[in-house]
Amino acid sequence: IPMLSLARNYLVDLVNQVGSGWNRFWFTPGAPQTLSMLRVLTGALALYYVASFGADLVAFFGPGGLIPVDTVLMWTNDFVTRFSYFDSIQTAGGLRAAHYTGLVVVGLFTIGFFTRVTSILSLIVLLSYMHRAPMLVTEAEPVLAMLMLYLCIGPSGACFSVDAWLRRRKALQIDPAAEPPAAAKSTLSTIATR
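Fair warning: this is a prediction, and the values are worked out from it, not measured in the lab.

Draft legend 1. A look at the packing of aromatic side chains. Summed over the entire model, instances satisfying the criterion amount to 12 aromatic pairs. Among the aromatic residues, those joined into a ring-pair cluster are Y49, F53, F60, F61, Y85, F86 and Y129.

Draft legend 2. Region of interest: helix α6 (residues 115-132). When the terminal C-alpha atoms of α6 are compared, their 25 Å separation across 18 residues agrees well with the 26 Å that a helix rising 1.5 Å per residue should span. Structurally, α6 contributes buried residues whose contacts are with α2 (33-51), α3 (57-61), α4 (69-76), α5 (92-111), α7 (140-153) and α8 (162-174).

Draft legend 3. Here's a closer look at unusual backbone geometry. The phi angle at F114 is positive, at roughly 50°, despite the residue not being glycine. Positionally, F114 belongs in the loop between α5 and α6. In this structure F114 comes out as exposed when scored by relative accessible area, which is 55%. Even without being glycine, F160 reaches a positive phi, approximately 55°.

Draft legend 4. Looking closely at α2. Taking 1.5 Å of rise per residue, the 19 residues of α2 would be expected to cover 27 Å, and the 27 Å separating its terminal C-alpha atoms lies within 8% of that figure. Three or more residues of α2 are buried, namely L35, S36, R39, T42, G43, A46, Y49 and V50. Viewed end-on, α2 has its buried residues packed into an arc of 135°, placing them on one side of the element. Turned more than 90 degrees from where α2 packs its buried face, L41, L45 and Y48 sit exposed. In this structure, the buried side of α2 is in contact with α5, α6, α7 and α9 (187-193).

Draft legend 5. Highlighting a nonpolar patch on the surface. On the surface, a cluster of nonpolar side chains totalling about 560 Å² of accessible area is made up of F83, F114, V117, I120, L121 and I124. Tracing the sequence through the fold places V117 in helix α6.

Draft legend 6. Examining the packing of α2 against α7 more closely. Two elements in contact, α2 and α7, have axes whose closest approach is 10 Å; the angle formed by their N-to-C orientations is 140°. Taken together, the axis directions place α2 and α7 in an arrangement best described as oblique. Crossing geometry of α2 relative to α7 is assigned as left-handed. For the pair α2 and α7, the contacting residues are L35, L38, R39, T42, L45, A46 and Y49 in the first and E141, L144, L147, M148 and L151 in the second. Class assignment for the residues of the contact of α2 with α7 results in 9 nonpolar, 1 polar and 2 charged.

Rules and cut-offs
Residues numbered from 1 in each chain as written. Predicted model: local features only at pLDDT ≥ 70, side-chain atom pairs only at ≥ 80, totals over all residues. Heavy atoms only, no water. Phe/Tyr/Trp six-rings, centres within 6.5 Å; stacked < 30°, edge-to-face > 60°. Helix = DSSP H or I, 4+ residues; strand = E, 2+ residues; numbered from the N terminus. Expected span 1.5 Å × (residues − 1). Contact = heavy atoms within 4.5 Å. Buried < 20%, exposed > 50% of the residue type's maximum accessible area, 1.4 Å probe, protein only. Arc of directions from axis to C-beta. Patch = residues over 30% accessible without salt bridge, like charges linked within 9 Å, V, L, I, M, F, W, Y side chains within 5 Å. Areas by Shrake-Rupley, 256 points an atom, 1.4 Å probe, with all protein chains shown as cover. Salt bridge = Lys/Arg side-chain N within 4 Å of Asp/Glu carboxyl O. Axes fitted to C-alpha atoms, helices over the stretch in contact; angles between N-to-C directions. Parallel < 35°, antiparallel > 145°, perpendicular 65-115°, else oblique. Left-handed = near helix turned anticlockwise from the far one by under 90°. Nonpolar A, V, L, I, M, F, W, Y, C, P; charged D, E, K, R; others polar.

Written as structure tokens, this is what we have:
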């Protein structure tokens, strides 16, 4: 019986240690600097990716282009999980307007302006290009999309951003003698970084 009690205590200790380690790993509030630096780097990559389609935009995505919407729909056979706002644009002017709007959105995300909103919109922009031309997608684009999804979860605009600069400026306007506020640690920052 002492051996049984010893084994039970060991198992209880093991479960408690694993559980507390799990909680520490995922839910200990972390600093947002790493996530913010990832936003800058990922945003720059996404901006390059979106900009790379600019020269051949109409040739690739236009109504009479190399990759017609009907062909993509036939190949993918799944409109529900394959959303792209390019599917409904039928004119060259509309394509250019959507492209330049997408560039502005991803640019704002990269510099960290209204990051909570532009992070989600940038992911939609990236996925729209990927879903409109899946035959042009390499191994890199899904990784870029995954990174952008995680940047939507965490406070990626907390540092190195226009949002952080505006927050500091507002705090100094309220009390010029005060120390500028530091970026707060966040559980979402830890989750997104993990």
